[in-house]
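# Geometric and topological summary
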2 protein chains.
Amino acid sequence: MKPLGPIPSGFDAVDGELAVGGVRASELVARAGGTPLFVYSKAMIEQRVAKLRSAMPDDLSIHYAVKANPYIPLLESIKGLVDGFDIASGGELELVRKAGIDLATVSFAGPGKRDWELEAAIAAGVTLNLESEGEAARALAIAGNLGKRPRLAIRVNPDFELRGSGMKMGGGAKPFGIDTERVPALARKIVASGAEWRGLHIFAGSQALSSEAIIEAQGNTLDLAARLAREIGAPLPHLNMGGGFGIPYFAGDEPLDIGAVGKALSNRFENIPQEIAKTQFCIELGRYLVGEAGVYLACIVDRKESHGELYLVTDGGLHHQLAASGNFGTVVRRNYPVAIATQFTRSPSVEASVVGCLCTPLDRLADKAMLPDAQVGDLVAIFCAGAYGATASPAAFLGQGPALELLV
Amino acid sequence: MKPLGPIPSGFDAVDGELAVGGVRASELVARAGGTPLFVYSKAMIEQRVAKLRSAMPDDLSIHYAVKANPYIPLLESIKGLVDGFDIASGGELELVRKAGIDLATVSFAGPGKRDWELEAAIAAGVTLNLESEGEAARALAIAGNLGKRPRLAIRVNPDFELRGSGMKMGGGAKPFGIDTERVPALARKIVASGAEWRGLHIFAGSQALSSEAIIEAQGNTLDLAARLAREIGAPLPHLNMGGGFGIPYFAGDEPLDIGAVGKALSNRFENIPQEIAKTQFCIELGRYLVGEAGVYLACIVDRKESHGELYLVTDGGLHHQLAASGNFGTVVRRNYPVAIATQFTRSPSVEASVVGCLCTPLDRLADKAMLPDAQVGDLVAIFCAGAYGATASPAAFLGQGPALELLV
């Protein structure tokens, strides 16, 4: 038997079934027209943002990282809750445009921006977080051709990392951002060019659950920003402090102590170095805002035994839930939180593995988990499916195609 | 410095550039309309099938596993070369239908077949490789409703594995197929039902480079088939012996000795047990037929240094090349064969990492490789991209979208 991850709070049960926003899983499936289905909860996202706002300093802006979940109804819903958006491609620029988001609140980071993406972003008034001197030169040339004043920030490759993070984005050689010692020269060049100087983007890592680690990284980020502002010799209008706030996926994971993070940041802000005293600070969060607010529902199409082990074969799989299958950036596969949605209040009674419909042994959604004794037709729920699910999975694999999505 | 995998034979150089079918990489990109681009070589696939045919016994059928690469022009091209096709979903059924493939030569394996998929396959005369007793019951019921005689085979969960294979599909508890000891009872039931009894599908693993391991698994497969035919008490019209033939991806990998496999299989066929003497045998190959015949071309959009390391940032990435990035079913990341396509004949002179345009440290296509000193605008080639590339990668990640594809 292998443990399951913790089911996020905010879900409840109606008539013994998992419910989102008071609506039973089977009713959600009926509304959407079938399975597999991602369901995202507006209320849970609102609650998450409200909790975050109350923990964080008042003057800290909160940005949403579109890459975590670019489902347009979700973007439309979140746009009233956050202060800005971060995009990672020209494709995401089109998505935020379609969602009616104010493009002046959008910044664009990513190491391989093509000329057409720079052009579209500059024309739209999006802030570019420049990843290299070469990209800066291209952006200035394109802005010149457009006759448009570009809004330019520099993404810094920090000389520290976010300890314990799932993905380290700083500390040592990296394809992201510009090494700290080269930032002042480029910043002065941007200021001198007449571009709108927007400041810095410093992102040290993602998916950290330790408040101590986040507090340390935020402290280092502010120190570095102050030092760079001094060396640049011009104020930083804006500082994107990155994100890194993780969510619990696996047994034993504890939620991030957001209160501790907010308190430490408030203390920092009260003693802010003079060089960045007038800077507008933001944190950029994706997974933390929406990850726990989503659940993936798949239907059991076969129930079979092999050599004494029970398999629940679903119509979902790694083509929508690559990370949950353990095949995306993880070395050791561990179970996400999983439940039988249509038997949500029943006690676990059998050990079973939940697999997808793909003809590959990689397609395992729960390995040797204790679950209620589910049958063909029951719905399986994979939690923590609100971020890096639908778009971070190979939807076309084995001719399957994308899942349905629903925001309730 | 980390080694690169071996570049498959069959590619050549024209005017110093990588060429496919005599056409330079930059010309292929111009024809397709841009990058990132998958290019598949018809000639290399033809040569591969011809080589395989000459090594294998004459009476062995060769099937293509559509999941490896379902690009429709490739399916259209390969249909004159092979004797049948294996599909893994209703979506792939639609693809082979569109490619004008004779559906009587198609078989359908996969652990989570939905009712609509069973119905579509039965109506089309596709052979179902049944994965469980439950699926058999559903198929018979659906065929009854359709008034159609279904073509039914049983997928066996073999009690042995393919040693050294990248993916083990047999040996112990598995979600695939039916445990051997339960096969005879189900087969007799199928025969008694009046369905068209098609025989067995035994698939022990994939991506093996050792001829000894393949020979052993094929021997075990034939022994098991003979034993099951005897226990069933009815002849096996057909035996799908699976595949498992691997291709070299990494430094040190040696190509499979296909001559040795063919010779051993011919010997086996000369001494075939009487129970399966009239059986039609096939092997089902995907990666082996098309994997080395494909190359992925991406354009360098930035060239940057960080802490003394050189990064070539391309407009491609793991959204098209998940396996090459080391994030799909591998524990230790190793480099695929990679080259600078526009400097194909130049000697390596610098150590560089090739990364994609995605804003994640997972997006690395070559790690610390020795390459010619490439510049912005040069094309990077990732080889072994003909199988499990485009459709086995999260194309929508970070708003990127699918790559272009071209068969030449």
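To be clear, the structure that these remarks concern was listed above.
Residues numbered from 1 in each chain as written. Chains lettered and ligands numbered in written order. Predicted model: local features only at pLDDT ≥ 70, side-chain atom pairs only at ≥ 80, totals over all residues. Heavy atoms only, no water.

## Re the pattern of salt bridges
Residue and element names in this part refer to chain A. Spelled out, the test is: Salt bridges are defined by distance alone: a side-chain nitrogen of Lys or Arg within 4 Å of a carboxyl oxygen of Asp or Glu. Comment: elements are numbered from the N terminus, with helices defined as DSSP H or I runs of at least four residues and strands as E runs of at least two. For every residue, the accessible area obtained with a 1.4 Å probe (protein chains only) is divided by the maximum for its type, and the residue is called buried under 20%, exposed over 50%, and partly exposed between those limits.
With the rule as written, the count across this model stands at 42 salt bridges over all chains. A salt bridge links Glu 135 to Lys 113, with the shortest nitrogen-to-oxygen separation between them at 2.6 Å. In this pair, Glu 135 sits in helix α6 (residues 133-146) while Lys 113 sits in the loop between β7 (106-108) and α5 (115-124), placing the two residues 22 residues apart along the sequence. The exposure classification of Glu 135 matches that of Lys 113, with both residues buried.

## Structural notes on the packing of aromatic side chains
Definition in use: For Phe, Tyr and Trp, where Trp contributes only its six-membered ring, two rings pair if their centres lie within 6.5 Å, and the inter-plane angle classes them as stacked under 30 degrees, edge-to-face over 60, or tilted in between. The rule for a charge over a ring is simple: NZ of Lys or CZ of Arg within 6 Å of the ring centre, and within 35 degrees of the ring normal.
Across all of its chains, the model carries 26 aromatic pairs over all chains by this definition. Relative to Tyr 388 of chain B, the ring of Phe 397 of chain A lies with its centre 6.2 Å away and its plane at 75°, an arrangement referred to as edge-to-face. Separated into two different chains, Phe 397 of chain A in the loop between β21 (379-382) and β22 (404-407) and Tyr 388 of chain B in the loop between β21 (379-382) and β22 (404-407) make up a pair that spans both. Here the two residues Phe 397 of chain A and Tyr 388 of chain B agree in accessibility, since each one is buried. Plain terms: the ring middles of Phe 269 of chain B and Phe 281 of chain B are 4.8 Å apart, the flat faces sit at 25° to each other, and that makes the pair stacked. In this pair, Phe 269 of chain B sits in helix α9 (residues 258-270) while Phe 281 of chain B sits in strand β15 (residues 280-285), placing the two residues 12 residues apart along the sequence. The burial state of Phe 269 of chain B is the same as that of Phe 281 of chain B; both residues are buried. Taken together, Phe 38, Tyr 40, Tyr 71 and Tyr 296 of chain A form an aromatic cluster joined through their ring pairs. Of note, Arg 48 of chain A hangs over the ring of Tyr 288 of chain A, and the distance from its end group to the ring centre comes to 4.3 Å. In this structure, Lys 113 of chain A packs its charged tip against the face of Phe 108 of chain A, placed 5.3 Å from the ring centre.

## What to know about the relation of the copies chain B and chain A
Note the threshold: The copies were overlaid with a least-squares fit restricted to C-alpha atoms from residues scoring a pLDDT of at least 70 in each copy.
Mapping chain B onto chain A leaves a residual RMSD of 0.0 Å; the transformation is a rotation of 180° accompanied by 0.0 Å of translation along its axis. What the rotation and shift describe, once combined, is the action of a two-fold rotation axis. For chain B, the smallest separation between a C-alpha atom and the rotation axis is recorded for Pro 394 of chain B, amounting to 1.9 Å.

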